[in-house]
Number of protein chains: 4
Amino acid sequence: MAHLGHVEVLTDRFEESLDFFTRVYGLKLSTLSGECAYLRAWDDYEFHTLKLTRHETTGIGHVSYRVSSPAALERRVAAIKASGYKVIGWVEDEPGHGRAFQFDDPFGHRFELYWDTRRYLPEDQDRSALKNQASAVPNSGIAPRRLDHLNLLSEDVTAFRDFMVTCLGARVTEQIRLNNGRLGGCWFTVNNKTYDLACTEEHGGGHGRFHHVTYATDQREDILRAADIMLENGIHIETGPHKHAVQGTFFLYVWEPAGNRVELANSGARLILAPDWETVEWTEEERKKGQAWGLKTIETFHTHGTPPVPGKE
Amino acid sequence: MAHLGHVEVLTDRFEESLDFFTRVYGLKLSTLSGECAYLRAWDDYEFHTLKLTRHETTGIGHVSYRVSSPAALERRVAAIKASGYKVIGWVEDEPGHGRAFQFDDPFGHRFELYWDTRRYLPEDQDRSALKNQASAVPNSGIAPRRLDHLNLLSEDVTAFRDFMVTCLGARVTEQIRLNNGRLGGCWFTVNNKTYDLACTEEHGGGHGRFHHVTYATDQREDILRAADIMLENGIHIETGPHKHAVQGTFFLYVWEPAGNRVELANSGARLILAPDWETVEWTEEERKKGQAWGLKTIETFHTHGTPPVPGKE
Amino acid sequence: MAHLGHVEVLTDRFEESLDFFTRVYGLKLSTLSGECAYLRAWDDYEFHTLKLTRHETTGIGHVSYRVSSPAALERRVAAIKASGYKVIGWVEDEPGHGRAFQFDDPFGHRFELYWDTRRYLPEDQDRSALKNQASAVPNSGIAPRRLDHLNLLSEDVTAFRDFMVTCLGARVTEQIRLNNGRLGGCWFTVNNKTYDLACTEEHGGGHGRFHHVTYATDQREDILRAADIMLENGIHIETGPHKHAVQGTFFLYVWEPAGNRVELANSGARLILAPDWETVEWTEEERKKGQAWGLKTIETFHTHGTPPVPGKE
Amino acid sequence: MAHLGHVEVLTDRFEESLDFFTRVYGLKLSTLSGECAYLRAWDDYEFHTLKLTRHETTGIGHVSYRVSSPAALERRVAAIKASGYKVIGWVEDEPGHGRAFQFDDPFGHRFELYWDTRRYLPEDQDRSALKNQASAVPNSGIAPRRLDHLNLLSEDVTAFRDFMVTCLGARVTEQIRLNNGRLGGCWFTVNNKTYDLACTEEHGGGHGRFHHVTYATDQREDILRAADIMLENGIHIETGPHKHAVQGTFFLYVWEPAGNRVELANSGARLILAPDWETVEWTEEERKKGQAWGLKTIETFHTHGTPPVPGKE
């Protein structure tokens, strides 16, 4: 497995969401096709890392990982077919990559794996002055550097962990163990990033829900500056900027106009380099201390997901 | 004397200069009037702090200070009239302030003083979410916070210093003493800023020339980010980012499309609070160490001014 | 009036407080004399800006301002004597400055004014490599650059404002107007800083209490880094890092080991340059939005002061 | 191959070098053993990442990589034995890891590979408040987060590249192609970091020399702050802070007291996630533009290596 490739986010306010992701958040639009916008951060090397889809609800469409090689794709597909998880099969209809193999986790989130991809080839104005940058650094919007991770909700984090280990060969870098013995959250990586995907326990009464998607900024200062931009543009800031205790990431969470939670994050120079990294386990008591510098986690962070549960929020 | 009010910069490439100052540098356009653009940074409280004027040359138009009170204006005008420096007299034709008293330094740079001003009153979209900010923080361009200072060139810095003390009641916070006994540079303030105006010795063979104008950013990181924006937009970066030894300012110097030098600077929390501050004097030997972290000053920094001297650069 | 000179803070855990202010907070010890430690930040030009005094309680000792000239001192003393506020008179027993004129505000906080001061003259190791810096930049502790401001509590902010205007000639840059018509808080300056002193309404049931003292860092990043240092050293972080709506300052509040609140703050390039600045007034409704980026103000911030009120916290 | 494990640096001024690396640079001393100091950054998970050895010269001792698994070690050793490069064989005498297999590149630099390692287990005071951090964040010195990379010099970069690909299975992320057809420099990675090791052409007349070793900071601001600390401690700053065009890293280069070049670097959020990354090749003409923001590379950067070549510098 190479890395998280892209995330499809659903919106019932397509135009407003697209305006947010381009003008305020600072992603670049690769193409508009039918009911979908294909977006990428300026240093993402692929055609898109965010697919924004017009839909009757908000929430997650699918989660896509790129594998390390054609052979790795074959091995993964065989393992998934043998696993008993629900298989959708091969699809081949996206402008951003070749055929992809789709399957579902036990909570209804759709996943896919692909090898063949479409590199983003900048033209003229969008070519960076530095040839090792995938496209020009924008001078408007927040403009994070690259896709970082996403967070899903599930009623059984242990079952989700089994899915990630079996189907994606993911490693668990950190997790929360509740007093009742259940896992409260689990952070997964398939490379040297500290995590590509997190799963936390659903406390809002929904099913198959989405918690957030995150892009990475080069510096923490970019996130402080982003907070002012969010404020000036009337975007709901849910919490932050602050530093997470788990994973130590500096964060800012907002709700885009349709209600999907979107994060900006910075991990500094932190990487998981040890091939035999031992999962860090946090107790419920440790988590009660709040975030790294003592901020108590805001209630909506535990209950708000998309799509929203009617009558709950 | 309250503070440096605005600077008029001349350009023989008006459209390109205006595009630079608005789209790249991130100033806001208050109005276009005749051959002039009136610009301000997002937290400048007045109507304009930069007047950009279409002209057959580059260089400086005039330098304008706001006084502390109507009475202070009267006292200053009396002092200037008594001083023997060249007096132009009262003018009253600007959209950004009331009548101003104009006079020249011995090198042909025009100065003016005024009390009556026009506050910038933001409307709708341009109103900040925070009522203590003069207008909304932009989400495009570099967008420094406020006008900081300017730098003029003269053949006799000591004579210029006498002018600043006599006519503006300025204090000298730092200066360079050359081995030949002359002043190589002088930094002046009329308030708690470390300087509003600097004068350095002309080494390029010109007369009445302009060295640079500077806006202040809130953080040093804004200047690092600005360097990438300058690079991507094809703006000539002359030197920096680096830290000056004199005044300790973190800086970046570029040439706007017409060739006028423009700086971004950050002084951190440094202020001149002591009412009896003793001028810091640097020797020529000390200045040979280069900038604060050892960067040797680039040759053009000593010779390039605007308007350029024909055949010299 | 030139600037806030120093603040005397009382501690009933002298050794622990001194360890905090030197090893963790990064102030430099000018001298220990009797029951007092005289401390300064590395770029404070005077002998001390913090006097830490062993005492049976915590809280504030006195607040000291330096005036602009000997004549200004005489004028101020005359005004105070004529004002009817409680006068203590001249004292002359401090290592850090000459004679000072003392008087009290209506809530029992002691103030003093002085002109004659003792500049800090660094020796050898403590001399900075840059001669315009008052002493060497430390490479341990948080090491803010200079004293910034303090905050007092009073039962009647309007009465306190009258005191500040009458006795110190202070300007009010921002204030909070409560729905009941009272002032909830008031921010004062005597120079171009956005404030030297704030007074907020006492909600904890005490009298003559102290809310916090603040030093300024050069960058917001210094405050993020400070939060990690506080955390690793077991210091209670009360709130932050975050950005204040009022004054727009980026802040971090901690309680030093004896319980006095201490802040680190960064104002970016914000200054009050307008000589006719109009007080910004915030309504109670506006303040309910929380801090600039939406953080709800923590309850202790409204009630904790020193000395603590028995049985209240 | 998992990651660069540690670097051994030789010094003929052991005490001064050790003082630099601990007090100024901010590494932690794991142990002193015989003529060697074993050091690590605060978030390095192993016992040491820098071995500082008392020696009659400066320069590089050996370069050590950790492999991904015991099986990977066997495969690598077999490949190296079959390669024809000079084999030293197994050694087992270090406090920081188990047995290691040693071999030389064609220029006399010694390499080793190992699997069994010794994790750093912090005690008491050195335990971080956050359990996912390898040890407490220091509040003195520059204190970078982790080992990043090293740079070796060789007379034939193409031959060095063959060695890295054959013996370490490294990928080439960027390289410089000179007009004469030779490689001027090559940047290698074995994981998602943009590089672990660089090799540049020897222009100083030496053989088997060392160019620099680098630790990573979390933020660029840490590097600006570091420059002040270097300055105040009398450390020779060679160049920077600035941004490299190649790899886009924000850098600061100094010479530690014995003359070995040491870097601090920050890559922001940049990673090599593409499994089929195509080597970025820079031409000699492109490199003549200087560093990213136009800084001309200082002459000593091309010629200074350790040990120094007698009579050359």
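What counts, and at which threshold
- Residues numbered from 1 in each chain as written.
- Chains lettered and ligands numbered in written order.
- Predicted model: local features only at pLDDT ≥ 70, side-chain atom pairs only at ≥ 80, totals over all residues.
- Pairing = 2+ DSSP bridges.
- Helix = DSSP H or I, 4+ residues; strand = E, 2+ residues; numbered from the N terminus.
- Axes fitted to C-alpha atoms, helices over the stretch in contact; angles between N-to-C directions.
- Contact = placed C-beta atoms within 7 Å.
- Nonpolar A, V, L, I, M, F, W, Y, C, P; charged D, E, K, R; others polar.
- Least-squares fit on C-alpha atoms with pLDDT ≥ 70 in both.
- Buried ≥ 20, exposed ≤ 12 C-beta atoms within 10 Å, placed from the backbone.

Enquirer: Please clarify how the sheet that holds strand β6 (residues 87–91) of chain B should be interpreted in this entry.
Expert: Pairing between the strands of a sheet comes from backbone hydrogen bonds, and it takes one of two forms, parallel or antiparallel. Residues and elements named next belong to chain B. Spatial strand order, β2-β3-β4-β1-β5-β8-β7-β6: eight strands in an open sheet with mixed pairing. Each edge of the open sheet is held by one strand with a lone partner, namely β2 (28–33) and β6. Looking at each pair of strands side by side, their axes are set apart by 20° on average, direction ignored. Of the strand pairs in this sheet, strand β5 (residues 59–66) and strand β8 (residues 110–114) are connected by five bridges, and their pairing is parallel. Paired with serine 64 across the strands is glutamate 112, a residue of β8. Against the sheet, helix α1 (residues 14–24) touches β1 (3–11), β2, β3 (36–40) and β4 (50–54), its axis set at about 160° to β4.

Enquirer: Would you take a moment to explain the environment of phenylalanine 250 of chain B for this structure?
Expert: Residue and element names in this part refer to chain B. Looking at where phenylalanine 250 falls in the secondary structure, it is placed in strand β15 (residues 250–255). Separated by 37 residues in the primary sequence, phenylalanine 250 and valine 213 have C-alpha atoms spaced 15 Å apart. Not counting residues within four places of it along the chain, the set of residues in contact with phenylalanine 250 comprises Arg220, Ile223, Pro241, Lys243, Ala265 and Asn266.

Enquirer: Sorry, what's going on with the interface of chain D and chain B here?
Expert: Often, the extent of an interface is quoted as the loss of accessible area on bringing the components together. With nine residues of chain D in contact, the opposing surface of chain B contributes nine residues. Split by residue class, the side of chain D that touches chain B holds six nonpolar, one polar and two charged.

Enquirer: How should the relation of the copies chain D and chain B be read in this particular structure?
Expert: Here the second copy of the chain follows from the first by a rotation about an axis and a shift along it. Once chain D has been moved 0.0 Å along the axis and rotated by 180°, it coincides with chain B to within an RMSD of 0.0 Å. Both copies are brought into coincidence by an operation consistent with a two-fold rotation axis. In terms of proximity to the rotation axis, the leading residue of chain D is glutamate 221 of chain D, whose C-alpha is 3.6 Å off the axis. Both copies share a contact surface, since 100% of the interface residues of chain D are interface residues in chain B too.

Enquirer: Is there a simple way to explain the environment of arginine 54 of chain B in this structure?
Expert: Residues and elements named next belong to chain B. Checked against the element boundaries, arginine 54 lands in strand β4. With 16 C-beta atoms counted inside 10 Å, the residue arginine 54 sits in the partly exposed group. Along the backbone, arginine 54 and alanine 37 are 17 residues apart, and their C-alpha atoms lie at a distance of 8.7 Å. Here arginine 54 is in contact with Thr11, Phe14 and Glu35, once residues within four sequence places are set aside.

Enquirer: Can you help me understand the sheet that holds strand β8 (residues 110–114) of chain A in this one?
Expert: Residue and element names in this part refer to chain A. Taken in spatial order, the eight strands line up as β2-β3-β4-β1-β5-β8-β7-β6 in an open sheet, and their pairing is mixed. With partners counted over all chains shown, the strands left at the sheet margins are β2 (28–33) and β6 (87–91), one partner each. Each neighbouring strand pair of the sheet contributes to a mean axis angle of 20°, computed without reference to strand direction. Across five bridges, strand β1 (residues 3–11) lies against strand β4 (residues 50–54) in parallel orientation. Opposite glutamate 8, over in β4, you have lysine 51 as the bridge partner.

Keep in mind these numbers describe shape, not what the thing actually does.
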